[in-house]
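# A closer look at the structure
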Amino acid sequence: MNHKQISLLLAGCSVVALLTVAPSAAWADGARNDRIEEVVITAQKKTENLQKASIAVDALSPTQLSNQGIKSIVDLEVLLPTVKFQSGAQTTVNIRGVGTQDNIPGVDSSVAYSLDGIYMANEEALPPVVYDLKRVEAVLGPQGTLYGRNTNGGVLNFITNDPTNHYEGSAAVTFGNYGTVGTEGMINVPLTDTVAARLAFGTQRHNPYHSDGYDDQDDTSARFKLAYMPSDDLKILLAVDGSTQQGHNFFDSYCPPNSAQRGCAGVKFQPWQGENGPYSPAPYRRTYEFGTSLHIDYDLGWANLTSLTGYRTYRASSNVTAPTYSAVPNPAGGLMPNAWGGNFGVLNAVNDRFITQEIRLASEPSSTVSWVAGIYYSDETQPAEFDYNFSFIAPGLSLNNNLNRVDFTSKAVFADVTYPLFDGLRLRGGLRYTQEDKSSFGISQIVSPVVTVLAGSTPIGSSESLGRVTWKGGLDYDITSRNLLYFTASNGFKSGGVNALPVSTGLPTTYGPETIVAEEIGSKNRFLNGRLQIDADAYHYDYTGFQSFGFVGAFPHLYYATFNSQNATFWGGELEAKARVTDNDTLSLTADLTHDRFGTFVIPTARQDYTGNWVPNSPKFSYTMSYEHVFMLPNNDELSFQANSEVVAGHYVDFSNDPGSYQNTYHRTGVNISYQTAQSGWTVSAFIRNIENAGVLNVYLVPAPNDLSLTGPMARDQADVDPPRTFGLTIKKVF
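In what follows, the accompanying structure is described. (Residues numbered from 1 in each chain as written. Predicted model: local features only at pLDDT ≥ 70, side-chain atom pairs only at ≥ 80, totals over all residues. Heavy atoms only, no water.)

### Structural notes on the environment of Gln44
Applicable threshold: We count a stretch as a helix when DSSP gives it H or I for four or more residues in a row; a strand needs E for two or more, and each element gets its number in order from the N terminus. Only protein chains enter the area calculation, which uses a 1.4 Å probe; residues under 20% of their type maximum are buried, those over 50% are exposed, and those in between are partly exposed. Should any heavy atoms of two residues lie within 4.5 Å, those residues are counted as being in contact.
Along the chain, Gln44 turns up in the loop between strand S1 (40-41) and strand S2 (48-49). A residue is classified by how much of its surface remains accessible, and Gln44, at 10% relative accessible area, is buried. Here the alpha-carbon distance between Gln44 and Val372, two residues 328 residues apart in the chain, equals 9.7 Å. Residues in contact with Gln44, not counting those within four places in the same chain, are Ala53, Ser54, Ile55, Leu146 and Lys472.

Here you go:
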């Protein structure tokens, strides 16, 4: 990004802020229903108004989630323009193009997850069903000081409802196409004047989206919270939750529209017509999760003390099985012919236990100088097993990698301060030091009941230690009481790790962290007595050390390894405008611009050079427009109509930038209608998503693009796609 481009982006945000001076006199107290709703967030580990927070955050309310029929984490993509989910053996997420495509056990995510303030190292640890939520926050950009490591892309915060001091409850059921059935329930009971309990649950099930029986869902989750509030100064909150997640996850369709593969000539792309199989065993994904946390808040008078203790464990297993058509080595000598050679499979099994402790002190809300300081500790054990099934070569032949001694610890100390320089101008700064220790050891073993000469075992694994400083600095300026201009510079890192390789390969047994340096300027504004809101920001990232993976070794001693392979430049911006056109009409527009490109990008062991390629899952532009009208009915009942439509520019979904991985510009539209009674507590909502039934590419696979010996379906590339057109009806009762 050159100086001229940076200047244009910064100037654009500055103009938006400076334009706010003229209408500032129009601010006056108005009726509550004629103003845009105020949103409260905790993204910066303190309670504050979203419009006063010098940070880019997309916040979703329970009403938004309910009206759109949001029941799973992946569904959130409908409401979060800068967030892109990729499904498969493991769900991954990208924010502003920053994400992790390496899903080898032990590799960290570059987007962090948080449940009620407790950091989650892996997406599998999150409850799979969205239910009884107070708010969802997508924090955009690196958060290396307050959150720490593994936040280069940003943070997804899930804030659930706490127990209250009055009786309440609700029950809801959703029915939809593809056999969708979802349920949600909650009951809140005050046990004494100082103790209250809340129990909530959610389920989500649907039949396969693909005709061959894949991409289904069967998830269940429940949560119990117990609050003890002996005084206004002390609150103790205990939470326990558990979840199960099951489905058949391998859902490829052949020949996406831009495919250049020989076998795709004249083949029509049918997005949800799965063309895989036969499989033995059938691909699947299963996760069983349990967690508990203790949250203590105590007002010391001069500061607020917070302690967050978390314990989380999950068991995740997945199997990906694919038929093999290519000529392959035969243990008896020579090559097997180009034909069905049996199945090739990869089985992953992870047993994760994660303990976290954070203690922090924060200034009182009335303090002139706002500050927070704390310490953090986590310990994660993650024994894992991943097996490669080579039954297409010999029955029962497999490579078993068993990592039975895996331990990751992290210790950190951090501080963040906002200091007023003079009226309206504030200086911000933050600093964090993190010390990490990682070790991973195990055995790699060839298993072959037929070809015993191949049998044997090899020690694999290594350890590493890393200390790193992350920082943040910035300025805030209140042009008026309703117009904020801010600038932030910061850095962050995603943890390095250990490769499960034997020393004999001669390859590095460890890999370094991904690092990012970011600058962002933004402006948040309200005009016309709170009826018009315009927020804008622009950012620039320098990214180095991208972690990519590939096969190493020689058959049958094959291993997955991770390497630091690239640097990249990211720049872009977002503009969000919301207008309360009348007391009953709201119009919103969101526009996103990105320009993300790799500099050097070489994976030496795979002999792949992606230098100069576009970063995947990062469209150059996208626009989302929504409109809502509320009809006021007798007895204060409400009938609301809401429609939203997005236009997303063409982009690649794989860093190879192969033609088949290019998703053309597309648009998707959703509508929901909701009827709510004021007195009886009933709500009936109907929704439809992806009206156009657009088959949007999600993941791209090309087994061997340069192998001219491939025949049949293996000469075709493959793509996973986002869900098809879905619709449903939700009936909810609050009591």
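After presenting the structure, the write-up continues.
### Some points on the state of the cysteines
Simply put, disulfide is the name for a covalent bond between the sulfur atoms of two cysteines. Definition in use: The definition used for a disulfide is geometric: two cysteine sulfur atoms within 2.5 Å.
In the structure shown here, the tally under the stated rule is one disulfide. Here Cys255 pairs with Cys264 through a disulfide, and the sulfurs are 2.1 Å apart. Because the torsion about its S-S bond is -85°, the bridge between Cys255 and Cys264 counts as left-handed. One exposure class covers both Cys255 and Cys264, and it is buried.

### Thoughts on the sheet that holds strand S3 (residues 57-60)
Basically, it comes down to this: Pairing between strands is defined by DSSP: at least two bridges between them are needed. Simply put, an axis is a line fit to the C-alpha atoms, just over the touching stretch for a helix, and the angle between two N-to-C directions goes from 0 to 180 degrees.
Read across the open sheet, the five strands follow the order S3-S9-S10-S7-S8; overall the sheet is mixed. A single partner strand is all that each edge strand has here, and the edge strands are S3 and strand S8 (118-120). Sheet twist, expressed as the mean angle between neighbouring strand axes with direction ignored, is 20°.

### Quick notes on unusual backbone geometry
Phi is positive for Leu528, which is not a glycine, with a value near 50°. Tracing the chain through its elements places Leu528 in the loop between strand S28 (514-527) and strand S29 (532-544). Since its relative accessible area comes to 48%, Leu528 is described here as partly exposed. Within the chain, Asn529 stands out as a residue other than glycine whose phi angle is a positive 60°. Residue placement: Asn529 occurs in the loop between S28 and S29. Overall, Asn529 belongs to the buried group, its relative accessible area being 17%.

### Some points on the pattern of salt bridges
Basically, it comes down to this: One speaks of a salt bridge when a side-chain nitrogen belonging to Lys or Arg is within 4 Å of a carboxyl oxygen belonging to Asp or Glu.
A complete count under the given rule lists 34 salt bridges for this structure. The closest approach of N and O atoms between Glu184 and Lys71, which form a salt bridge, is 3.0 Å. With a gap of 113 residues between them, Glu184 in strand S12 (residues 180-190) and Lys71 in the loop between helix H2 (62-67) and strand S4 (83-86) connect regions that are remote in the sequence. Each member of the pair, Glu184 as well as Lys71, carries the same accessibility label: buried. In this structure, the salt-bridge partner of Arg149 is Glu436, at a minimum N-O distance of 3.0 Å. Residue Arg149 is found in the loop between strand S9 (133-140) and strand S10 (154-160), and its partner Glu436 is found in strand S23 (residues 425-447); the two are separated by 287 residues along the sequence. In this structure, Arg149 and Glu436 share a single accessibility class: buried. Connected through shared salt-bridge partners, Glu77, Lys84, Glu646, Arg668 and Asp722 make up one network.

### Digging into empty space enclosed by the protein
This is how the line gets drawn: Both site types are read off a 1 Å grid over the protein atoms alone. A 1.4 Å probe that fits but cannot get out defines a cavity, while an open set with protein on both sides within 12 Å along at least five of seven lines defines a pocket; lining residues have an atom within 4 Å of a point. Grid points are joined across faces, edges and corners, and a volume is the space filled by probe spheres set on the points. Each residue is assigned to one of three groups, with Ala, Val, Leu, Ile, Met, Phe, Trp, Tyr, Cys and Pro labelled nonpolar, Asp, Glu, Lys and Arg labelled charged, and all others, Gly among them, labelled polar.
Scanning the entire structure with this criterion turns up 14 cavities of 30 Å³ or more. Of the voids in this model, the largest cavity is the one considered here, and its volume is about 600 Å³. Along the walls of the largest cavity sit 37 residues, with Ser72, Val74, His206, Asp215 and Gln217 positioned nearest its centre. Elements represented by at least two residues in the lining of the largest cavity include exactly strand S11 (168-176), strand S13 (195-206), strand S14 (217-231), strand S15 (234-247), strand S40 (682-689) and strand S43 (726-734). Examining the composition of the lining of the largest cavity, we find that three residues originate from one element, S15, more than from any other. Of the residues in the lining of the largest cavity, the class split is nine nonpolar, 19 polar and nine charged.

### Regarding the pairing of S4
Of the two faces of S4, the one holding Val83 and Phe85 and the one holding Lys84 and Gln86 are both buried throughout. As defined by bridge partners, S4 adjoins strand S5 (residues 92-95) across four bridges and the pair is classed as antiparallel. Looking at the pairing, Gln86 lines up with Thr92 of S5.

### Observations regarding the packing of aromatic side chains
Basically, it comes down to this: Ring pairs shown here join Phe, Tyr and Trp side chains whose ring centres sit within 6.5 Å, with only the six-membered ring taken for Trp; geometry is labelled stacked below 30 degrees between planes, edge-to-face above 60, and tilted in between.
Applying the stated criterion to the full structure yields 14 aromatic pairs. Ring plane angle 75° and centroid distance 6.3 Å describe the contact between Phe546 and Phe655, whose orientation is recorded as edge-to-face. One end of the pair, Phe546, is in the loop between S29 and strand S30 (547-554); the other, Phe655, is in the loop between strand S37 (651-652) and strand S38 (662-663), with 109 residues separating them in the sequence. Under the relative-accessibility criterion, Phe546 is labelled buried at 8%. Aromatic pair Phe621 and Tyr623: ring centres 5.3 Å apart, planes at 40°, arrangement tilted. For Tyr623, a relative accessible area of 40% puts it in the partly exposed group. Three or more aromatic residues joined by ring pairs form one cluster here, namely Phe546, Phe598, Phe601, Tyr610 and Phe655.

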